[in-house]
Amino acid sequence: SNLSNPPSPRNGMIGGRPPSLSAQSPANSQAAPSALLSQVLEDAPAFGPPTAGPASRKVSIVTAESPSADGLVATVGSMTSVSSRSPVPTAASGMTTASILSRTIILHNLQIKSGPHRHDNDEITLEARAIYARIVGSEDTDTMSRLQFIKALDCKTVASFVLPGIDMTRLMEDDDTYEAAHHFFNDLSRGRQRVRFQEFLAHFQHTKATASHAQELRVVFERIDVNQDNRISRHELRSTVKRDSKVADFLLRRYDINFEDDEELSTAVDDVYSAICGDNRYFDFADFIAYFRSVARVEGCGLHTPIDRRQKRVLIIGPGFGAQINPAQTQVVMISGFEVHWIHGVPNPEEPEFNMLPHASKIHQAITEVRPDLLVVASKGGVYGTALWQMGYWRGPTLMINAHPTCTDLPCDVPIIVTHGDQDPIYRRPRAELEGMISTGSPNMCFLYYSSTSGRLASGHTPRVGDQHNMASLVTFECLPRLMESILCPEGPELHFMRTWIERMSPERQEAERYLGFSLTKLRQFWISKNTSTNLNKAQDYLFDVAGSCLEARLVATCFRSSARDPSTYGTVARDRWAKMRILRIQRVENGLQQDAGIKAYHDSVKSSCENMGVEFVPGVHTRWLFHGSSALDSIVSNPLQGFQPLASGSQGQSVWGLGTYFARDAEYVAAGPFCGQPARDGSRRMLLCLVTTGMSCAGDPNHFGILPFRRNPHRYNSSVDSLSSPEIYIVQHPGAAYPAYVITFVC
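In short, a report on the structure. (Residues numbered from 1 in each chain as written. Predicted model: local features only at pLDDT ≥ 70, side-chain atom pairs only at ≥ 80, totals over all residues. Heavy atoms only, no water.)

Moving on, we get to the overall build of the protein. Along its length, the protein carries 25 helices and 23 strands. Within the protein, the fraction of its 748 residues that count as buried is 60%. Here the contacts in the protein between residues at least 6 apart in sequence split such that 74% fall between residues at least 24 apart. Surface accessibility of the protein: about 29200 Å² in total, with carbon and sulfur atoms responsible for 49%. (Helix = DSSP H or I, 4+ residues; strand = E, 2+ residues; numbered from the N terminus. Buried < 20%, exposed > 50% of the residue type's maximum accessible area, 1.4 Å probe, protein only. Contact = heavy atoms within 4.5 Å. Areas by Shrake-Rupley, 256 points an atom, 1.4 Å probe, with all protein chains shown as cover.)

Structure representation (structure tokens):
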């Protein structure tokens, strides 16, 4: 019982967008803060709706060797600009983040010239002020010396802000670490003996990813800071957690404790307090946000924020991107809606005895001028990407197309997507090696987009071939712009990209699925049987006809009839023939014993695994409505525990994506193959519409034999797919992953 032997392929690949954005442009959608953090915020304003953005965007070409009035960067070519960039939202006015009086005095003496797109009291400014005050200490000065900077790196809060990912505990022992610190100061000072705050701030406004939900964390901080003195003691934290259940849930959600047990609660609070500030008597907002830089994603804030592409600047390093030899890749970026800037005029960094420093400095000056939200490097340009990380010139979101061999470790606290194809003849890097590289980055901030090749069919044909060096899958169905958008999303690139898989379905199907629901509890809203936990004898005992005129039937029929927005890679029933297909009967499966004994337990374990990894479990993303064809349909429906047997699947033919139970996104795919068994006398056939717990999905591999790779040890991926661009096939390895919700009888 499997879908591992698909029909002959046709060219095509599909991509998508999350259900919350269905039938809308990428810049014309909104979503409010969700889950736990939104409960803590209470009356805090939700994220506002961004405006729609046309395809034509301002595009500048930056020549690193053409000085401008501001220093180095010059715009030598442009297209029409449709709007100016909106300012960053501001935090509570007048709020400082210093923890002691002397630092507060220094902060009030610091005056800043805000750029045209920044406000004096935005969260980057507030945090930079606090860090700068820590560096200069209690001295009455508004400039920073080299010695002050080096000494301040002993503070983990300062180190995590200015040089994230570098182990400052070995500053005086390791030459590379010591040089990195001095090189960073040289970059700030530009030959001067001291650095002013304005210069310190400007660097991080240009190169640093925005703090993790800083405005929202500010609200949480203020709820704990009952004395309103901008510092929190251990006693304050413990008292707030005891009286404020929402703050307790937010701060301690990764702790499996009884909140009524004072001893357990106190131990957990002490653990969090120590993680924030060690043995210090107080912590301030800078400490608080530094803590969440490393663990907020582990604890899963639950924020899904739509990205307004018009408001995002993308800087692309020209060498390696292939503007001439891969024009399709350039074209898909140019029409994506982002504000795109280019750096040309820097040489090929793969040349022998290449001197990186002067050219990396030129790129850094371009970064200072453009102030991008995202840096994109490709192929040989990846050498520049790794150099910019190592020199501290760039610590913002980065997209690396083709995993360059020089990239073996990823910096901490930096959102990164690396794309690679298993047929790349230039950089031949095994998948396991790339997965190991991704694991060196911060949890849930790094994502490997891997294009893999399927196994062969019995006919000898390979239905899907992985990408070569010029990655074909990136330029179809907006895959590359979706990756660029995903890396900017606070919830993490992998989860956001999984959301984008949904919109390649029709808007009608998306709406129908939302009405059906994505949970076992909501699935039972239509049930009429009473013996839902009884082991009955026959499949017919579990099947209940759904009247064709009712809402439930229309929803199921919509899911069944809806075609994907783009052609299938594998080939399906011809559209005109599919339009003539008739549904003869829809039956609801009410097997409470199977649902309670096997399905729910697995669903809960996957949800727990996601939460332990710091990933928000999202119904509709981690659970999906999928189709399955089988000649053993009655056995699947009537099994009292688990109807599907993944390890037995794939044995009747070639298993192109490894062992497991195969499900299809589209009913057309199932109907086009031999999966539904022999037709009945009237020519009708049957298939299942199933609610499947897919959890976190990785790229499939014909060498997957029932065990998937680690996502984050000890947690493995929960399912695999045929394509990370837009999956048409899902493979699950656990018998409790899927519930057969409906039997659809049809004739085509």
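Summarising the element assignment, glycine 673 is placed in the loop between α25 (667–672) and β17 (685–693). Taking C-alpha positions, glycine 673 is 9.7 Å from glycine 571, a pair spaced 102 residues apart along the chain.

What follows is about helix α23 (residues 592–612). When the terminal C-alpha atoms of α23 are compared, their 28 Å separation across 21 residues agrees well with the 30 Å that a helix rising 1.5 Å per residue should span. By the largest-angle criterion, isoleucine 599 marks the main kink of α23, which is about 35°. Considered for burial, the residues of α23 that qualify are Gly592, Gln594, Gln595, Gly598, Ile599, Tyr602, His603, Val606, Ser609 and Cys610. Each element contacted by the buried residues of α23 is listed here: α20 (520–523), β15 (623–628), α24 (633–638), β17, β20 (715–716) and β23 (738–747). Just beyond α23, the residue with positive phi is glycine 614, at close to 85°. (Expected span 1.5 Å × (residues − 1). Bend = angle between axes of the 7 residues up to and from the residue.)

On to the packing of aromatic side chains. The geometry of an aromatic ring pair is captured by the separation of the ring centres together with the interplanar angle, meaning the angle of the planes. Scanning the entire structure with this criterion turns up 22 aromatic pairs. Where tyrosine 132 meets phenylalanine 197, the ring centres are 5.2 Å apart and the plane angle is 75°; that geometry is what we call edge-to-face. Here tyrosine 132 is found in helix α3 (residues 123–136), whereas its partner phenylalanine 197 is found in helix α7 (residues 197–207), with 65 residues between them in sequence. For phenylalanine 197, a relative accessible area of 1% corresponds to the buried category. With a centroid separation of 6.5 Å and 35° between ring planes, the pair formed by phenylalanine 197 and phenylalanine 200 is classed as tilted. Of this pair, phenylalanine 197 and phenylalanine 200 are both found in helix α7, three residues apart, which corresponds to roughly one turn of the helix. Across the pair, phenylalanine 200 and phenylalanine 197 agree in class, each one buried. Its guanidinium or amino end placed over the ring of tyrosine 282, arginine 231 lies 3.9 Å from that ring's centre, counting from NZ or CZ. Between arginine 716 and the ring centre of phenylalanine 710, over which it is positioned, the NZ or CZ distance is 3.8 Å. (Phe/Tyr/Trp six-rings, centres within 6.5 Å; stacked < 30°, edge-to-face > 60°. Lys NZ or Arg CZ within 6 Å of the ring centre and 35° of its normal.)

Position of tyrosine 739 among the secondary structure elements: in strand β23. With 141 residues separating them along the chain, tyrosine 739 and glycine 598 place their C-alpha atoms 9.2 Å apart. Not counting the four nearest positions on each side in its chain, tyrosine 739 is found in contact with Leu523, Trp527, Val589, Glu590, Asn591, Gln594, Gln595, Ile599, Leu689, Cys690 and Leu691. In terms of polar contacts, tyrosine 739 uses its side chain to reach the backbone carbonyl oxygen of valine 589, at 2.6 Å. (Polar contact = N/O pair within 3.5 Å; in protein donor to acceptor, adjacent residues only side chain to side chain.)

Residues of helix α9 (residues 234–243) that are buried include every one of Glu236, Leu237, Thr240 and Val241, and no others. Summarising the axial view, the buried residues of α9 lie within an arc of 125°, below the 170-degree limit, and thus occupy one face. Counted as exposed and oriented over 90 degrees from the buried face of α9: His235 and Lys242. (Arc of directions from axis to C-beta.)

Position of glutamate 590 among the secondary structure elements: in the loop between β14 (582–589) and α23. At 2.6 Å, the side chain of glutamate 590 and the side chain of arginine 588 are in polar contact. Excluding anything up to four places from it in sequence, glutamate 590 contacts Phe526, Trp527, Ile528, Ser529, Tyr542, Phe544 and Tyr739.

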